[in-house]
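# A look at the structure
Now for the letters of each chain:
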Amino acid sequence: MSRVRASSAPAPKGLKRPVKVCVRVRPVLEREVENGCYHGCIAMAHERVYISTEDKPVLIGSKDDPPPEGVKVYPGFDGLLDQDSSQEDCFQVAGRETVDGVLWGLNGALMAYGQTSTGKTHTMVGDKSRPGLCLKAAAHLFSEAGLLGSQIEVTASFLQLYLNHITDLLVKDGHEKKLKLREVVEEDFVDTRVEGLSSRPVKSMDDVEALLEEGNRRRQQACTALNASSSRSHAVLILNVTLWQGTEEENATDAKLYLVDLAGSERVKDSCATGDRLTEAVHINKSLFALQGVVAALADGNPFVPYRNDPLTQLLRPALGGNCCTTLVATVSPAQKHSRESEGTLNFASSCRRIKGEVFVNSVRKPRPWEEKPKEEPTKTEEPECPWASLAALDAASVMESQMLDTAHGQIHVLTCGPADGEAVLLLHGCPSDAWTWKWLFPPLLYSKYRAIAIDMPGFGSSPGTRLGSRSELNNAKGGPLDICCAVLDALGVQKANVVGYDWGAGIALSMALLRKTRVNKIVPFHPSYSPPKGENLGVMPVPVLVLWVKEDQFHNLTKWRKHFQALPSSKRELEVYSLGSRWKPGMSLGSDPQLGPQLQRRILAFLAGEVAAPVAGALEKRLEAKAATAAGQLVVHAQNVVVADALADAGDVAKQLREVADPTLAAVQQFKEFPGEYAWMNMDGWLWRSVAVGLWSAGRLAALYAQRLTGSSASSAALFGALPEMSPEARGASEDEDGALSDPNILVNLGLWSQAPEGVAAEVSWERMRHTPRYCVGRKVLVRQKVIFKPSDSDFMCVSSSGADRTTSKAELKGKSKENADTWLVEVTEAGGSRRMAEVPKAEVLRLNQRHDLAKNGKHVLLEDGLKCDYSSPLCRAKLCEIALALSPVVKNLDFNTADGGEAVQLKALEVIRSSDKMERYGEIWRDGVRVTC
C-alpha cells in the first residue's frame, strides 16, 4: 500500500501538524463550595485563559493590557470550553477534526489530561445520557462512512496501565496477565505495539458502548478524599479503522484512533491516600512526570526524547511523536483552592501546543479537512493623531512664556502658557531636572485651554539659589517646596491649581494636597519619590489622586510604593501602570516616547476633566458574583477572582463597584449591632423603649466581652472594638476642616448608630447651641455650694445653716427660677442624712460649678481624678460610646429642636438612658482602664 503525504502536492519531508490543545473547565463540586459560595480562579476571554494564582479579585482590561499581578495568561489554545459546555460542544471543538482525519487515513489521538476529579473520564467516556468522546467518535465514524458511501471495518482494543503494568480490559482475568510493549520501526517513524492485546470487531456505537462498559468494570477505581470514583489507572481505547472507497483494494485507508483517559495527578496531602491508594498515587504521578519530560523534550526540539523512561510514554509514543494527529483536552477545576494544580495542567498543555508531528496518509490524494489557512497578518491599528499634534510640532519656546518671579523666598523662574483665566496646572519637576522636562505636556494643556505653570525650584534650571533637599520631610520646611509653590501661585494670582509632579515633584504634590489643601484641586503623581513623614497621613487625602507608573523603570519600584497607594482613600485614588517593554532605556524622557507619550497626555487630560477612565486591569476589592450550579445541579454562588472587562456590558460601572472598599468602620458597627442578643429598656414615665435588632450591646453579652478584652483572652473582640468609630469631643473628620462624629448627628446616622437625626437639626444653630451651652431644665441634677455646721462637736454637724462655713458641695435638683430674683434659682438639696430641703442659690454659682469642664489632656487621653484617664481611641471606650449611642437611638427620634422648649423633656429622658447604660457595678473592672464616660 503506497504512502503519500496529506497535501495536494507531495511534500519532501512530510507535513508538520502541531498538537491541538483544548481547555475544558468542569462545573464546581460540592466539596469546593463553602457557605453556598466558591471563589473562581479561571476566566476565558480574548482567546486566552486567565488564571489567578492568588485568592484576590482582579480586573482584566483589553487584550493588549499587561496581566495584573497574581494572574497568569495562557494564549494560543485551539479551543476553550467553559463550565456550561456540553459533551457535544466538546466533541465539535476537540474531537471532530481528529476523527475526520481518521476517515482520510491519518492516525489520530484524543487524550484527556488534568488533576484528579477534573472530569477526564466524564470527557472521554461520559454516561448513557451524556456520552463522551469515545462514543461520539465511534458514532461519527460510522455515520460519516455511510454518508461517503464507503465500506468501513472497525476493530477495538481496550487496555489499562496500572502500577506500570499493561493489562487487557476485554479479557476475563486479564489483569493477571501482564502484556509487553514492542517497538516497530517503520519507514518514517517508530510505532509501539502491545503483544497479546485482544481486539473485537465493532459495527455500531452500541457495540462500542457495550465494550466500554465491560472494560470499565475491570478498570481499577477507588474512592479518595478528592474523588468518590477515582481512576487509578491510565486507560486506552484503540480503534483500528479500515475504509474502502469504491471497489479497488488500493483505495483503502488504514488508520488508528487512540482514545486515552489518563489517571489524574494528585497531591497526597489533599487526596489523603494511604496504603494501596498511596502506592497507586505514586505510580500515577511518576508516569505523568515522565510524560511531562517527553513533552518538554519534543517541544524544545531535543534530538533525544526519553520515551523509555516509563511504560506510559512508550505506549503513547505514536500519539506524541509519531505519525499521528493528536488533540489534548486539558481539564481544570474552576475553584481557587485548586489553582496550583490547574496552573500545572495549563503549563503542560502549553508545552504540548509546541509539539509538531509529521503525518502521512495512505492512498488519499485529498487535502486534509483541517488544513490550516495561512494566518492573516493582523492589521495594525494606528493610534489616532492627537488633536494637539500641530502644537507639538512647534518649538516649545515659541508657545511658552519664560519669566522670573520675585517671591518672599527669592527669585523663582517659571514657564507658563495658556489663557490667564484658564484652570491652572502646576508642573513640578524631579530631582535633578528643571521645568523644561514638561515640554511634552505643554501642547495638550495649551490645546485644552489650561494654564500651565512649570516651576524651576531654587538651584535648578534658571532659578538662582541653593538647591533644596529632596527628602519628603523637608517638603513643608520653612522656605521649602510647599512655600515656594504657594508663593508662585500667589505671584500669578492663582488661588487653586491642579498639581502634576514627577519623582521629587510628585512627592511635593502629595504633601501639598495634604498640608495646603485649599490650594489644590487634583494631583497627578508620576513615579512619586515620597514616604509619608510625621504629620502627613495619606489616609485623609482630601483630593482625587491619579498615580502614574511605568513598570520597567528600575529606579522607581511600584511594589515598594504600593503600600502608600493602598493607604490613600479608595474613593480618591486611581493607578495607571504602563509598559514600555524593551523600549525602556535609563534616562529616557517617558513623556516623549512616541507611543507612551500620547497615552500619558490623554490620561492626564481625562483625569483633570473629571472623565471616568475605562476599566484598567488590576486588583479588585470584591469578586464578581453570579449564580452557578455544581456538577450535581446544586445552585451556588460563583465568586469569580478573574474578571474580564470585555465580557461585561457595563464594564466601567461594574469595575467601579468591584473596586469600592467596604468601610471597615461601618462594617464594625453593623457587626456590633447584629450580634445575636437583645436589649430591653425600662419603663420610664410611660416611655417604653425596646430594641430586638441589636444584640452585641445587650447587657449580659457586653459584660462578658468587656471582661475578655480586659484579660486579653479575646482577639476577635479587640479587633471589632478597635474598628468602631472614635467619638471623642476632639475627634476630627476626614480632613482638618471637618469635625468628628459629635459635630453633626447625621454622622451618627451614617455610621448606623442612630436611625434618624433629631428634628430641626438642619438649621445647625440649635445643635451647635445644644453642644456648647449648658442646658438647665427643671429636674436636672446639679451641684451647689452650701453653708454647713463644720464643728464635729456640734449636734448639727454637717447640717445646712446660714451661720455655717461655705465649704461643702451638695447634690441638688433644679426646681425652677426664683420668683423674686431672676438671678437666683430654686433647688432641692439632698442633705447628708438623706433628707431634702428647698434652697435658693445664685445662678452664677450653679453655672460655675456645672459648666463644661476643661479637663487636663495628654494627646487623646483625658485625665480624670484619682489617676483615672479616659482614652477615647481605646477599643473599650469605642465600644462603650457606641453602646450609649445605640441606646440613645430610639430616644433622639422624639427629639425636636423646633419645639418651644427645644425638646428638654426628651433630653432628660436621654440623660436617664445614658445613666442606665453607665452602671459602674456592672463594669467595675473597666474603670481601671479609664473607660468610664462621665455625663
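Computed from a prediction, not measured in an experiment: that's the story for all the values here.

Cut-offs and rules
- Throughout, a residue's number is its position along its own chain's written sequence, starting from 1.
- It should be noted that, the model being predicted, local features are given only for residues of pLDDT at least 70 and side-chain atom pairs only at 80 or more, the latter also being counted only at that level, while totals for whole chains, interfaces and linings use all residues.
- Note that the side-chain values use all heavy atoms of the structure and ignore hydrogens as well as water.
- A pair of strands is labelled paired if DSSP reports no fewer than 2 bridges between them.
- Numbered from the N terminus, helices here are DSSP runs of H or I no shorter than four residues, and strands are runs of E no shorter than two.
- Only C-alpha atoms enter the line fits that serve as axes; for helices the fit covers just the stretch in contact. Angles between N-to-C directions range over 0 to 180 degrees.
- Method remark: on a 1 Å grid restricted to protein atoms, a set of points is classed as a cavity if a 1.4 Å probe fits but cannot get out and as a pocket if it is open with protein on both sides within 12 Å along at least five of seven lines; lining residues have an atom within 4 Å of a point.
- Grid points are joined across faces, edges and corners, and a volume is the space filled by probe spheres set on the points.
- By convention a nonpolar core is built from buried Ala, Val, Leu, Ile, Met, Phe, Trp, Tyr and Cys residues, the set being connected through side-chain atoms within 4.5 Å.
- Burial classes: relative accessible area under 20% of the type maximum marks a residue as buried, over 50% as exposed, and values in between as partly exposed (1.4 Å probe, protein chains only).
- Any two residues whose heavy atoms approach within 4.5 Å are treated as being in contact.
- UniProt positions are given in the numbering used here, feature names are shortened, and annotations may be inferred rather than shown by experiment.
- A pair is scored as a salt bridge if a Lys or Arg side-chain nitrogen falls within 4 Å of a carboxyl oxygen belonging to Asp or Glu.
- For classification purposes, an angle smaller than 35 degrees is called roughly parallel, one larger than 145 roughly antiparallel, one from 65 to 115 roughly perpendicular, and anything else oblique.
- For this scheme, ten residues count as nonpolar: Ala, Val, Leu, Ile, Met, Phe, Trp, Tyr, Cys and Pro. Four count as charged, namely Asp, Glu, Lys and Arg, and the remainder, Gly too, count as polar.

A few words on the sheet that holds strand β4 (residues 37-40). The strand order β4-β32-β31 describes an open sheet built from 3 strands, whose pairing is mixed. Strand pairing shows two members of the sheet lacking a second neighbour, β4 and β31 (624-629), which therefore form its edges. Recorded for the sheet is a direction-independent mean angle of 35° between the axes of neighbouring strands. Pairing between β31 and strand β32 (residues 635-640): 6 bridges, direction antiparallel. Looking at the pairing, Ala 626 lines up with His 638 of β32.

Quick look at empty space enclosed by the protein now. Across all of its chains, the model carries 5 cavities of 30 Å³ or more by this definition. Every residue lining the largest cavity is listed: Leu 161, Tyr 162, Leu 163, Asn 164, Arg 232, Ser 233, His 234, Glu 280, His 283, Ile 284 and Ser 287. Where the lining of the largest cavity is concerned, the elements lending two or more residues are β11 (151-162) and α6 (276-300). At 4 residues, the largest contribution of residues to the lining of the largest cavity is made by α6.

What follows concerns the nonpolar core. Soluble globular proteins tend to bury their nonpolar side chains together. Core analysis: the largest hydrophobic core is formed by 48 residues, its most contacted members being Phe 77, Leu 262, Leu 291, Leu 316, Leu 328 and Leu 346. Residues in contact with Leu 328, not counting those within four places in the same chain, are Lys 20, Val 21, Cys 22, Met 111, Tyr 113, Phe 348, Ala 349 and Cys 352. Membership of the second largest hydrophobic core comes to 40 residues, among which are Leu 405, Leu 428, Leu 510 and Ile 523.

Taken from the UniProt record, the annotation "binding site: ATP" (unreviewed entry) applies to Gly 114, Gln 115, Thr 116, Ser 117, Thr 118, Gly 119, Lys 120 and Thr 121. Residue position: Gly 119 is located in the loop between β10 (108-114) and α2 (120-124). Non-local contacts of Gly 119, meaning those with residues more than four positions away in its chain, are made with Arg 26 and Thr 331. Position of Lys 120 relative to the elements: it lies in helix α2.

Take the pattern of salt bridges next. Once their charged atoms are close, side chains differing in charge can pair, the charge on each being opposite to the other. In the structure shown here, the tally under the stated rule is 28 salt bridges. Glu 97 serves as the salt-bridge partner of Lys 20, at 3.7 Å between the closest nitrogen and oxygen. Taken together, the residues span a long stretch of sequence, with Lys 20 in strand β3 (residues 20-25) and Glu 97 in helix α1 (residues 87-103) at a distance of 77 residues. Note on Glu 97: relative accessible area 27%, which makes it partly exposed. Taking the shortest distance from any N to any O, the salt bridge between Arg 200 and Glu 214 comes out at 2.7 Å. Within this pair, whereas Arg 200 is found in strand β15 (residues 200-202), its partner Glu 214 is found in helix α4 (residues 205-218), the two being separated by 14 residues in sequence. Members of the salt-bridge network, linked through shared partners, are Glu 183, Arg 308 and Arg 317.

For the pair helix α13 (residues 481-491) and helix α14 (residues 504-515), interaxial distance at closest approach is 10 Å and the crossing angle is 75°. With respect to α14, the axis of α13 lies roughly perpendicular. For the pair α13 and α14, contact is made by Pro 481, Leu 482, Cys 485, Cys 486 and Leu 489 and by Trp 504, Ile 508, Ser 511, Met 512 and Leu 515, respectively. Classifying every residue of the contact of α13 with α14 by side-chain character gives 9 nonpolar, 1 polar and no charged.

Further remarks concern the environment of Lys 177. With respect to the helices and strands, Lys 177 occurs in the loop between β12 (165-168) and β13 (180-185). Sequence separation of Lys 177 and Gly 196 is 19 residues, and the distance between their C-alpha atoms is 9.6 Å. Not counting residues up to four positions away in its chain, the partners in contact with Lys 177 are Ile 166 and Thr 167.

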